[in-house]
Amino acid sequence: MSNAALAWLRRDLRLDDNAALGRALARSKQVFCVFVFDTEILDALESRADRRVDFIWRSLGELRERLREAGGDLIVLHGRAREELPHLAVALGVDEVVAAEDYEPAALARDAEVAERLRASGIGFTAVKDTVVFAKGELLTQAGRPFTVFTPYRNAWLKLAGEAELAPRLDAALLGRLARPPMATRLPELRELGFAETDLAAAGIRPGERGARETLDDFLGRIDGYHAQRDFPALDATSGLAIHNRFGTISIRRLVRMARSRRTTGTDFWLAELIWRDFFFQVLHHHPRAAQQSFRAEFARIEWPNDARLFAAWKEGRTGYPIVDAAMRQLNATGNMHNRLRMVVASFLTKDLLVDWRWGERHFAATLNDFDLAANNGNWQWAASTGCDAQPYFRIFNPVAQSERFDAQGEYIRRWVPELAGVPAKFIHAPWRLPPAEQAACGCIIGRDYPAPVVDHAVQRERALALYKKVRP
Ligand SMILES: Cc1cc2nc3c(=O)[nH]c(=O)nc-3n(C[C@H](O)[C@H](O)[C@H](O)COP(=O)(O)OP(=O)(O)OC[C@H]3O[C@@H](n4cnc5c(N)ncnc54)[C@H](O)[C@@H]3O)c2cc1C
């Protein structure tokens, strides 16, 4: 047992079942807690009104209260974590720093540097698993290799995820070991960090542990219908928990335990999504180069035409394909997009507009409230057919057919593309097919009130196939 430890909270902004804090409490007589607003991350953000920063800031406010109620406190620093953290550890005189393990290449490099600096001062650094149920090489094929196909991974995951794996990692009886630091602590105002408050509430996001529990409670009223309703963007059928999973305001083990205890078709389908999440984390761990490059080497040679004009039309939601435009406009307005539509717009960008998936990935990284490198990269590569267990390159989503199937009445489209509000459901998926007289009658002239399609899907489909075939005949 050490005298004092520092729990470095990063993407685990909660008290409940917090593995890093739990480990520190179990092994040290005194435990301090810190969060660092890392300028290396903040400086790279495009917008100074970033919902993710606002979410973290508000979540920290709640976490600090909870830690104080339990007899501890939260030290909040603003600077380069690789320098601030070792300085603090020395100033507090701790023996060990404990943090939740990260799987992103940049975070791993930072942690290695922090660990080195701590070691030079005689302080240990321990990273513990918290973000996922299974990490790194814990789940391997029978041949001892990393899984690259989801279904066998899911089956192995379900077999191995026993009670022990899902047990809470923090013993609340040890919270008395939380300590107040000798220095004054305060949570800087957002504007002191260089950021503005955002419309989190209007975007339907409730921050913090409390927000996560409320979001989960709401979802429990819908979860049993998840399998039947999750693909329809006009319905509010999914959990909305991704931002909480991103910042750890809820424990993944708690979610899995809940899903497994109900055993309905809805919860089984939902659990599979949580397993996809684990899957992409282990892909990133085993193949960190996929963060920059095509997972499948042959597709790294695709010569993307990358038309900047088409990319701008996609980003701004004016491609003339209503389902794509509605989804992109929702993303721009709220930072959120339904999973089905993420697949549709990603396929459209790569296989209709012939733009490199990394351009789209970067745009999502800048705008998605729930942006997570492992999931974003894995899913973009899935949609672009360049990834691990991706959709085959010759199966190309037809944006009109997807729209007819998943937004049959155009309810979702009308919400985000008001120009099309008067267009009948039969034509709303491909309004350019509406005869000119009817366009005038419903108040939407194509090319004037709403863009004509920027590309022809049938033509682009053949061009996409040719691009892929050229590198993989
Ligand atoms: C191109 C593309 C990019 C994406 N980028 C991200 C991203 O940056 N961050 C992110 O969390 N998800 C991403 N996803 C996955 C998915 O779209 C979101 O997790 C989901 O829409 C979040 O809504 P929800 O919380 O209501 O999910 P629910 O349907 O309620 O699912 C429950 C949880 O499972 C996880 N999950 C669900 N689907 C996936 C998936 N396909 N891959 C990995 N985890 C999943 C999320 O943590 C989610 O909260 C992306 C999907 C695509 C097609």
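Residues numbered from 1 in each chain as written. Predicted model: local features only at pLDDT ≥ 70, side-chain atom pairs only at ≥ 80, totals over all residues. Heavy atoms only, no water.

Remarks on the overall build of the protein
Rule in force here: Secondary structure elements are defined from DSSP: runs of H or I of at least 4 residues count as helices, runs of E of at least 2 residues count as strands, and each element is numbered from the N terminus. Here the radius of gyration uses the C-alpha set of atoms, whereas the globule reference equals 2.2 Å times the residue count to the power 0.38.
Along the backbone of the protein there are 22 helices and 5 strands. Taken against the 2.2 N^0.38 rule, which gives 23 Å for 473 residues, the C-alpha radius of gyration of the protein at 24 Å falls within 12% of a compact globule. C-alpha extents for the protein along the principal axes are approximately 80 × 50 × 45 Å.

Regarding the pattern of salt bridges
This is how the line gets drawn: Salt bridge, as applied in this entry: a Lys or Arg side-chain nitrogen positioned within 4 Å of an Asp or Glu carboxyl oxygen.
The final tally for this structure, using the stated rule, is 42 salt bridges. Linking Glu83 and Arg80 is a salt bridge whose minimum nitrogen-to-oxygen distance equals 2.5 Å. Three or more residues joined by partner-sharing salt bridges are found here, namely Glu40, Arg80, Arg82, Glu83, Glu113 and Arg117.

Looking at the sheet that holds strand β2 (residues 28-38)
Definition in use: Any two strands with at least two DSSP bridges between them are considered paired. Angular values range over 0 to 180 degrees, each being the angle between N-to-C directions of two axes fitted as lines to C-alpha atoms, with helices fitted over their stretch in contact. Contacts are assigned to residue pairs with any non-hydrogen atoms lying within 4.5 Å of each other.
Ordered by their spatial adjacency, 5 strands build an open sheet running β3-β2-β1-β4-β5, and the pairing between neighbours is parallel. Each edge of the open sheet is held by one strand with a lone partner, namely β3 (75-79) and β5 (124-128). Shown here is a sheet whose adjacent strand axes are inclined to one another by a mean of 30 degrees, direction ignored. Where strand β4 (residues 96-100) meets β5, 5 bridges bridge the pair, whose relative direction is parallel. Its bridge partner being in β5, Glu96 is matched across the sheet by Gly124. Against the sheet, helix α1 (residues 19-27) touches β1 (2-8), β2, β4 and β5, its axis set at about 150 degrees to β2.

What to know about the side chain of His244
Here is the rule: Three labels apply to residues, based on accessible area from a 1.4 Å probe with only protein chains included: buried if under 20% of the type maximum, exposed if over 50%, partly exposed otherwise in between.
Secondary-structure assignment places His244 in helix α10 (residues 242-247). Since its relative accessible area comes to 2%, His244 is described here as buried. Sequence-distant contacts of His244, defined by excluding residues within four places in its chain, comprise Phe55, Arg206, Pro207, Gly208, Gly211, Ala212, Thr215, Thr249 and Ile250.

Quick word on unusual backbone geometry
At Arg263, a residue that is not glycine, the phi angle is positive and equals roughly 50 degrees. If you trace the backbone, Arg263 turns up in the loop between α11 (252-262) and α12 (265-286). The class for Arg263 is exposed, based on a relative accessible area of 60%. In this model, Leu354 sits at a positive phi of 55 degrees, which is unusual for a non-glycine residue. Take Leu354: it is sitting in the loop between α15 (339-352) and α16 (357-367).

Some thoughts on helix α6 (residues 150-160)
Heads up, the rule is: This arc is taken over the directions from the axis of the helix to the C-beta atoms.
Taken together, the buried positions of α6 are Phe150, Tyr153 and Trp157. On an axial view of α6, the arc spanned by its buried residues comes to 60 degrees, and they lie on one face. Those residues of α6 hidden inside the fold are in contact with α11 and α12.

Looking at the packing of helix α3 (residues 51-69) against helix α8 (residues 208-220)
The criterion, for reference: In these notes the angle categories are as follows: under 35 degrees is roughly parallel, over 145 is roughly antiparallel, 65 to 115 is roughly perpendicular, and the rest is oblique. Three classes are used, and their members are as follows: Ala, Val, Leu, Ile, Met, Phe, Trp, Tyr, Cys and Pro are nonpolar, Asp, Glu, Lys and Arg are charged, and the others, Gly among them, are polar.
As a packed pair, α3 and α8 sit with axes 7 Å apart at the nearest point and diverge in direction by 105 degrees. Overall, the two elements α3 and α8 adopt an arrangement that is roughly perpendicular. Between α3 and α8, the residues in contact are Phe55, Ser59, Glu62, Leu63 and Arg66 and Gly208, Glu209 and Arg210, respectively. Taken together, the residues of the contact of α3 with α8 break down into 2 nonpolar, 2 polar and 4 charged.

So, the state of the cysteines
Operational definition: Note on terminology: pairs of cysteine sulfur atoms within 2.5 Å are recorded as disulfides.
Counting across every chain of the model gives 0 disulfides. No disulfide involves Cys442; its sulfur sits 6.2 Å from the nearest other cysteine sulfur, which is in Cys444.

What to know about the environment of Glu404
Along the polypeptide, Glu404 turns up in helix α18 (residues 399-406). Sequence-wise, Glu404 and Ala458 are 54 residues apart; in three dimensions their C-alpha atoms are separated by 17 Å.

Some details on the pairing of β3
Most of β3 is tucked away: 4 of the 5 residues are buried. Looking at chain direction, β2 and β3 are connected through 5 bridges and run parallel. Its bridge partner lying in β3, Phe35 is registered against Val76.

Digging into the packing of helix α13 (residues 308-316) against α16
How we decide: Crossings are classed by handedness, with left-handed meaning an anticlockwise turn of the near helix from the far one by less than a right angle and right-handed meaning a clockwise turn.
At a minimum axis distance of 12 Å, the contact between α13 and α16 shows a crossing angle of 35 degrees. The handedness of the crossing between α13 and α16 is right-handed. Residues Ala308, Phe311, Trp314 and Lys315 of α13 lie in contact with α16, whose contacting residues are Trp359, Gly360, His363 and Phe364.

Details of the site of the ligand
Which entries qualify depends on this criterion: For each residue, the test is whether any non-hydrogen atom lies within 4 Å of the molecule or strand; if one does, the residue is near. Polar contact is defined as a pair of N or O atoms within 3.5 Å, subject to the rule that within protein one atom must be able to donate a hydrogen and the other to accept it, and that residues adjacent in sequence are counted only when both atoms are side-chain atoms. All accessible-area figures derive from a Shrake-Rupley calculation using a 1.4 Å probe, and residue coverage is judged against the displayed protein chains alone.
As a matter of local geometry, the ligand sits amid 25 residues, with Tyr226, Thr238, Ser239, Gly240 and Asn339 nearest to it. A distance of 2.6 Å separates an oxygen atom of the ligand from a polar atom in the side chain of Thr238. Taking Ser239, its side chain carries an N or O atom lying 2.5 Å from an oxygen atom of the ligand. Contact with the protein chains hides 96% of the accessible area of the ligand, taken as 820 Å² for the molecule alone. The dominant element in the shell around the ligand, judged by the number of residues it contributes, is α12, at 5 residues. When the residues that make up the shell around the ligand are grouped by side-chain class, the tally is 13 nonpolar, 7 polar and 5 charged.

Some words on α16
Three or more residues of α16 are buried, namely Trp357, Gly360, Glu361, His363 and Phe364. Projected down its long axis, α16 carries its buried residues within an arc of 165 degrees, all on one side. Where α16 is buried, its residues contact α13, α14 (322-334), α15 and α17 (373-383).

Here's the deal with the packing of aromatic side chains
Our working definition: When the centres of two rings from Phe, Tyr and Trp lie within 6.5 Å, Trp using its six-membered ring, the rings pair. Their planes under 30 degrees apart give stacked, over 60 give edge-to-face, and anything left gives tilted.
Overall, the coordinates contain 27 aromatic pairs when judged by the stated rule. Ring plane angle 90 degrees and centroid distance 6.0 Å describe the contact between Trp304 and Tyr468, whose orientation is recorded as edge-to-face. Residue Trp304 is found in the loop between α12 and α13, and its partner Tyr468 is found in helix α22 (residues 457-471); the two are separated by 164 residues along the sequence. We classify Trp304 as buried; its relative accessible area is 11%.

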